[in-house]
Amino acid sequence: MEVENEANMEVELEEEKTFLSDAFDYNGAPAEKAKTGGWVSAATILGIEMCERFTTVGISTNLVTYLDHTMNQPSATSSTIVSTFGGVAFLTCLLGGFIADSFLGRYWTIAIFAVVEALGAGVLALSATLPGQRPPPCNPSQAVNCVKASYKWFDHNDKKEKTKMEYFFNRFYLVINIGAILAVTVLVYIQDEVSRGVGYGICAAAMITADIIYLSRSRKYRYKKRSGSPLIQVVQVIAAAIKKRKVEFPSDVSLLYEDSSPESRVHRTNDFRWLDKAAVISDGDFGKEGSATPNPWKLCTVTKVEELKMMIRILPIWATTIMFWCVDAQMMTLSVQQAASMDRSIGKFQVPPASFNVFFIGGIMITLALYDSLIMKRSGGSKGLTNLQKIGVGLAISIIAMAAAAGMEQKRLKVIRSYNKTPTTTLPLTAFVLVPQFAIVGIAEAFIYSGSLAFFIGQAPKGMKAISNSLFLTTIAFGCFVTTILVNLIKKITPGKDGIPWLASEINDSRLDYFYAVISVLGLINFGVYLVCAKRYKPNSSHGSAKDSDDVHASHDEERAGDAEIS
């Protein structure tokens with residue numbers, strides 16, 4: 001009887017256990033809710049994200065002064081290097097997502113590339129420390145050229161865990177901003193006042209420590225199986241459409257291939273009709289005789305074709321947000337160089353030039369807090385700006401920011417002209433006059449980031465949410481590349497009779513006011529194009545409403561956290 005009772009108790013306990021159908025544990029078995037996920041596992045992600053932001057922001061915001069003063073690079077060259085670095089960093093997010101979805105899985109992708117980031121910071125520390133690793137000062141007179149872990153911590157189908165996930169989003173945005181603020185204050189001070197090698201070494205140590213803690217919780221995570229990269233689906237549809245470009249289109253569209261379930265099916269539209277050829281059934285599409293599964297490189301469902309069309313429709317909005325990130329890039333490059341030439345003292349304390357980005361981060365956080373408290377909470381989340389309106393507001397504010405920056409640069413140039421020659425010492429002008437341009441761009445980013453990311457994710461089909469997130473990140477990448485192109489173009493076409501371009505080797509010889517004015521004018525033109533694109537944009541019909549999906553007012557912290565959530 002005792003044996004029988006024990007057996008019954010074991011059965012009852014087994015029945016009480018709750019397993020997740022869409023997640024598995026470290027050993028590949030269905031994940032048990034009580035033993036996997038939860039706050040401790042989530043905390044490791046918060047930790048690695050904070051260290052990643054601490055490292056990335058700590059290096060990128062102060063990189064221009066490192067190139068200027070340590071690597072002895074000309075002012076314009078330093079700016080282009082930092083912009084290119086930012087562009088490549090964000091563009092490789094596409095590669096990272098592809099590797100995670102198709103090969104390594106997100107868990108191992110994070111683990112491996114955290115080590116890669118640590119190694120990069122370590123190499124940078126060595127280059128800043130070892131003698132002979134930097135070029136001599138330039139001499140113009142001699143013409144010397146100067147990702148997301150593959151698991152879920154909380155179950156969206158469980159009300160209690162869903163609430164915990166909402167708290168996780170808030171904490172996620174909080175900790176990455178803590179990491180950013182620590183980077184532009186403490187870390188930047190160590191780099192400037194103690195040693196570059198020590199500062200970069202701290203970055204490497206932080207990433208290694210975070211990765212070790214991250215790996216230590218491996219048996220407690222909830223994993224998800226790789227489903228393949230949505231990028232493959234995009235290429236398959238295009239390849240099939242091109243192969244069948246000469247195939248006759250059926251008079252009855254119901255003859256187009258479709259095997260998707262009714263609840264996930266997307267009805268055909270008349271846009272981009274050349275892509276519909278990918279769904280035309282022809283000989284050889286099903287491979288061997290009797291096969292019920294078509295070759296995806298020859299035949300695609302109408303749903304897959306329509307999902308690609310949805311992504312194409314948002315491209316005009318995508319393209320018109322790129323210009324903002326060109327404005328954003330100036331905060332880490334030329335604006336920091338401006339601050340470096342000015343009086344940064346508070347009493348006897350000298351504020352590091354890159355630390356002025358704390359006003360940029362502050363602008364973001366204060367704007368989001370005010371927006372949530374004054375608009376969203378008072379209206380119960382029902383009367384906020386739409387995502388397209390947020391983007392428009394952000395673009396408009398960025399134009400004002402560059403105009404203000406141009407005006408402030410003219411004030412700085414007047415002080416320079418009071419000298420008989422280009423000053424080599426700190427200008428008798430407080431660098432805190434630059435606070436408005438940092439803060440205004442931060443305010444603009446608060447609207448742009450939340451609006452554009454929510455728009456891309458909201459308007460993307462369910463199967464391509466990852467691509468839409470990556471598409472958003474590419475706007476940042478291309479914004480950095482546009483900055484690089486602009487800087488190089490301005491250097492080539494603006495030398496006057498004195499042979500000095502607007503962006504000279506020395507920041508005090510430059511005409512940043514002209515350069516900022518050009519960006520402001522380009523921003524104004526871009527804003528006009530955006531208004532046309534936004535007005536003509538038709539929300540994707542698969543969302544079940546003709547209403548702009550912008551009505552989904554995802555908070556900025558949730559959208560930032562979307563990079564880390566795995567569902």
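Just so we're clear, the structure is a prediction, and the values are computed from it rather than from any experiment.

Conventions used here
- Residues numbered from 1 in each chain as written.
- Predicted model: local features only at pLDDT ≥ 70, side-chain atom pairs only at ≥ 80, totals over all residues.
- Heavy atoms only, no water.
- Salt bridge = Lys/Arg side-chain N within 4 Å of Asp/Glu carboxyl O.
- Helix = DSSP H or I, 4+ residues; strand = E, 2+ residues; numbered from the N terminus.
- Buried < 20%, exposed > 50% of the residue type's maximum accessible area, 1.4 Å probe, protein only.
- Contact = heavy atoms within 4.5 Å.
- Polar contact = N/O pair within 3.5 Å; in protein donor to acceptor, adjacent residues only side chain to side chain.
- Axes fitted to C-alpha atoms, helices over the stretch in contact; angles between N-to-C directions.
- Parallel < 35°, antiparallel > 145°, perpendicular 65-115°, else oblique.
- Nonpolar A, V, L, I, M, F, W, Y, C, P; charged D, E, K, R; others polar.
- Patch = residues over 30% accessible without salt bridge, like charges linked within 9 Å, V, L, I, M, F, W, Y side chains within 5 Å.
- Areas by Shrake-Rupley, 256 points an atom, 1.4 Å probe, with all protein chains shown as cover.
- Lys, Arg positive; Asp, Glu negative; His and termini not counted.
- Phe/Tyr/Trp six-rings, centres within 6.5 Å; stacked < 30°, edge-to-face > 60°.
- Lys NZ or Arg CZ within 6 Å of the ring centre and 35° of its normal.
- Expected span 1.5 Å × (residues − 1).
- pLDDT = per-residue confidence, 0-100.
- Left-handed = near helix turned anticlockwise from the far one by under 90°.

**Some remarks on the pattern of salt bridges**
Thinking step 1. One pass over the structure, following the stated rule, counts 9 salt bridges.
Thinking step 2. Between Glu-306 and Lys-309 there is a salt bridge, with its nearest N and O atoms 2.9 Å apart. Here Glu-306 and its partner Lys-309 are both found in helix α9 (residues 302-313), 3 residues apart, which amounts to about one turn of the helix. Across this residue pair, the class does not change: Glu-306 and Lys-309 are buried.
Thinking step 3. The shortest N-O distance in the salt bridge between Asp-513 and Arg-511 comes to 2.6 Å.
Thinking step 4. For Asp-513, a relative accessible area of 3% translates into the label buried.
Thinking step 5. By relative accessible area, Arg-511 is classed as partly exposed at 24%.
Thinking step 6. Counted as one network, the salt bridges with shared partners bring together Arg-268, Asp-271, Asp-276, Glu-306, Lys-309 and Arg-313.

**Topic: the environment of Arg-196**
Thinking step 1. As for its placement among the helices and strands, Arg-196 is situated in helix α7 (residues 196-216).
Thinking step 2. Each residue touching Arg-196, except ones within four places of it in the same chain, is listed here: Asn-62, Thr-65, Tyr-66, Thr-70, Ala-128 and Gln-191.
Thinking step 3. Here the side chain of Arg-196 touches Asp-192 through a polar contact of 3.3 Å, side chain to side chain.

**With respect to the packing of helix α8 (residues 230-243) against α9**
Thinking step 1. Two elements in contact, α8 and α9, have axes separated by 10 Å at closest approach and are oriented at 105 degrees. Taken together, α8 and α9 sit at an angle that is classed as roughly perpendicular. From α8, Gln-233, Val-234, Gln-236, Val-237 and Ile-238 reach across to α9, where they touch Lys-304, Val-305, Glu-307 and Leu-308.
Thinking step 2. Of the residues belonging to the contact of α8 with α9, the class tally is 5 nonpolar, 2 polar and 2 charged.

**Notes on a nonpolar patch on the surface**
Thinking step 1. On the surface, a nonpolar cluster with roughly 610 Å² of combined accessible area is contributed by Phe-103, Leu-104, Trp-108, Ile-112, Phe-113, Val-116 and Leu-215.
Thinking step 2. Listing elements by their share of the nonpolar patch, those giving two or more residues are α4 (75-104) and α5 (106-129).
Thinking step 3. Examining the composition of the nonpolar patch, we find that 4 residues originate from one element, α5, more than from any other.
Thinking step 4. Position of Trp-108 among the secondary structure elements: in helix α5.
Thinking step 5. Take Trp-108: its relative accessible area is 43%, and that puts it in the partly exposed class.

**Considering the side chain of Lys-277**
Thinking step 1. Tracing the backbone shows Lys-277 in the loop between α8 and α9.
Thinking step 2. Here Lys-277 sits buried without a salt bridge, and the closest side chain of opposite charge, Glu-248, lies 9.4 Å off (N-O distance).
Thinking step 3. Here Arg-245 takes part through its backbone oxygen, which lies 2.9 Å from a polar atom of the side chain of Lys-277.
Thinking step 4. Residue contacts for Lys-277: discarding those within four places in its chain leaves Ala-241, Lys-244, Arg-245, Lys-246, Val-247 and Phe-249.

**Here's the deal with the packing of aromatic side chains**
Thinking step 1. As enumerated under the stated definition, the model contains 18 aromatic pairs in all.
Thinking step 2. Arranged with centres 6.3 Å apart and planes meeting at 80 degrees, the rings of Trp-325 and Phe-472 form a pair that is edge-to-face. Remark: Phe-472 occurs in helix α15 (residues 465-493) and Trp-325 occurs in helix α10 (residues 315-329); sequence separation between them is 147 residues.
Thinking step 3. Taking relative accessible area as the criterion, Trp-325 reaches 4% and is therefore assigned buried.
Thinking step 4. You can call Phe-472 buried: its relative accessible area is 0%.
Thinking step 5. For the cation-ring pair, Arg-273 lies above Phe-249, with the distance from its terminal atom to the ring centre recorded as 5.6 Å.
Thinking step 6. A cation over a ring is seen here: Arg-511 above Tyr-514, with NZ or CZ 4.1 Å from the ring centre.

**Brief notes about α5**
Thinking step 1. The end-to-end C-alpha distance of α5, which contains 24 residues, comes to 34 Å, matching closely the 34 Å that a straight helix rising 1.5 Å per residue would cover.
Thinking step 2. Residues Tyr-107, Thr-109, Ile-110, Ala-111, Ala-114, Ala-118, Ala-121, Leu-124, Ala-125, Ser-127 and Ala-128 constitute the buried set of α5.

**With respect to unusual backbone geometry**
Thinking step 1. Phi at Phe-272 takes a positive value of approximately 45 degrees, unusual for a residue other than glycine.
Thinking step 2. With respect to the helices and strands, the residue Phe-272 is situated in the loop between α8 and α9.

**Topic: the confidence of the model for the protein**
Thinking step 1. With 74% of its residues at a pLDDT of 70 or more, the protein has an overall mean of 77.
Thinking step 2. Averaged over each element, pLDDT in the protein is lowest for helix α17 (residues 556-561) (37) and highest for helix α16 (residues 512-536) (95).
Thinking step 3. The low-confidence segment residues 6-15, where pLDDT is below 50, has 1 contact with residues more than four positions distant or belonging to other chains.
Thinking step 4. A low-confidence stretch, residues 140-157 (pLDDT under 50), is modelled with 74 contacts involving residues beyond four sequence positions or located in other chains.

**Observations concerning the packing of helix α13 (residues 387-417) against helix α14 (residues 435-459)**
Thinking step 1. Relative orientation of the contacting elements α13 and α14 amounts to 160 degrees, with a least axis distance of 8 Å. Regarding the angle of α13 to α14, the classification is roughly antiparallel. Our pair here, α13 against α14, has a crossing hand that is left-handed. Across the interface between the two elements, Asn-387, Leu-388, Lys-390, Ile-391, Val-393, Gly-394, Leu-395, Ile-397, Ser-398, Ala-401, Ala-405 and Met-408 of α13 pack against Gln-437, Ile-440, Val-441, Ile-443, Ala-444, Phe-447, Ile-448, Ser-450, Gly-451, Ser-452, Ala-454 and Phe-455 of α14.
Thinking step 2. Residue classes in the contact of α13 with α14 are distributed as 16 nonpolar, 7 polar and 1 charged.

**Considering the side chain of Gln-191**
Thinking step 1. Looking at the secondary structure, you find Gln-191 in helix α6 (residues 159-194).
Thinking step 2. On the basis of relative accessible area, Gln-191 is assigned to the buried category, the value being 2%.
Thinking step 3. Setting aside chain neighbours within four positions, we find Gln-191 in contact with Gly-58, Asn-62, Arg-196, Gly-199 and Tyr-200.

**A closer look at the environment of Ile-519**
Thinking step 1. Mapped onto the secondary structure, Ile-519 falls in helix α16.
Thinking step 2. Take Ile-519: its relative accessible area is 1%, and that puts it in the buried class.
Thinking step 3. Note: C-alpha distance between Ile-519 and Ser-398 (121 residues apart in sequence) is 9.7 Å.
Thinking step 4. Not counting residues up to four positions away in its chain, the partners in contact with Ile-519 are Met-323, Cys-326, Val-327, Gln-330, Met-402 and Leu-486.

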